[in-house]
Amino acid sequence: PLFPDVAQPNILKVAKAFGHGVAERIVWTPLFGQEEHISVKALANLQLDTYVYCGHTSGADILWAGVPTLTLPGIKQSAR
């Protein structure tokens, strides 16, 4: 499965609320190995990091794929 049955519709609902074709730009992928995982992430132009808790492992993966990350500084380790 790509995502739990509940997750994908909720993600699409939020993405559609943004408009501008955001929902159509989401790439849904099955689970696969690390090499493929990084190559799929390399398709992105930019990662928007979450705030207050940052991406950690997913943030490292996206950087390994050569994709820049936009984030906000925080005062705790979990928020950078």
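Since the model is a prediction, treat every value here as computed from it, not as a measurement.

Criteria and cut-off values
Residues numbered from 1 in each chain as written. Predicted model: local features only at pLDDT ≥ 70, side-chain atom pairs only at ≥ 80, totals over all residues. Heavy atoms only, no water. Helix = DSSP H or I, 4+ residues; strand = E, 2+ residues; numbered from the N terminus. Buried < 20%, exposed > 50% of the residue type's maximum accessible area, 1.4 Å probe, protein only. Contact = heavy atoms within 4.5 Å. Areas by Shrake-Rupley, 256 points an atom, 1.4 Å probe, with all protein chains shown as cover. Lys, Arg positive; Asp, Glu negative; His and termini not counted. Charge placed at Lys NZ, Arg CZ, Asp CG, Glu CD. pLDDT = per-residue confidence, 0-100.

In terms of helices and strands, the protein chain carries 3 helices and 2 strands. Listed by position from the N terminus, the elements making up the protein chain come as α-α-β-α-β. Projecting the C-alpha coordinates of the protein chain onto the three principal axes gives extents of approximately 35 × 30 × 25 Å. Within the protein chain, the fraction of its 80 residues that count as buried is 16%. Here the contacts in the protein chain between residues at least 6 apart in sequence split such that 28% fall between residues at least 24 apart. Working note: accessible area of the protein chain is about 6300 Å², and carbon and sulfur atoms make up 65% of it. Across the protein chain, 6 positive and 6 negative side-chain charges occur, with their mean positions spaced 13 Å apart.

Here we take up the confidence of the model for the protein chain. Across the protein chain, pLDDT averages 84, with 92% of residues at or above 70. The least confident element of the protein chain, judged by mean pLDDT, is helix α2 (residues 34–41) at 86; the most confident is helix α1 (residues 7–18) at 92.

Glancing now at unusual backbone geometry. Phi is positive for H20, close to 55°, though the residue is something other than glycine. Looking at the element boundaries, H20 is found in the loop between α1 and α2. For H20, a relative accessible area of 76% gives the class exposed. Its identity is not glycine, yet H56 carries a phi of approximately 50°, on the positive side. Among the secondary structure elements, H56 is positioned in the loop between β1 (47–48) and α3 (57–64). Take H56: its relative accessible area is 42%, and that puts it in the partly exposed class.

Moving on: the environment of H56. The sequence separation of H56 and S78 amounts to 22 residues, and the corresponding C-alpha distance is 8.2 Å. Not counting residues within four places of it along the chain, the set of residues in contact with H56 comprises Q77 and S78.

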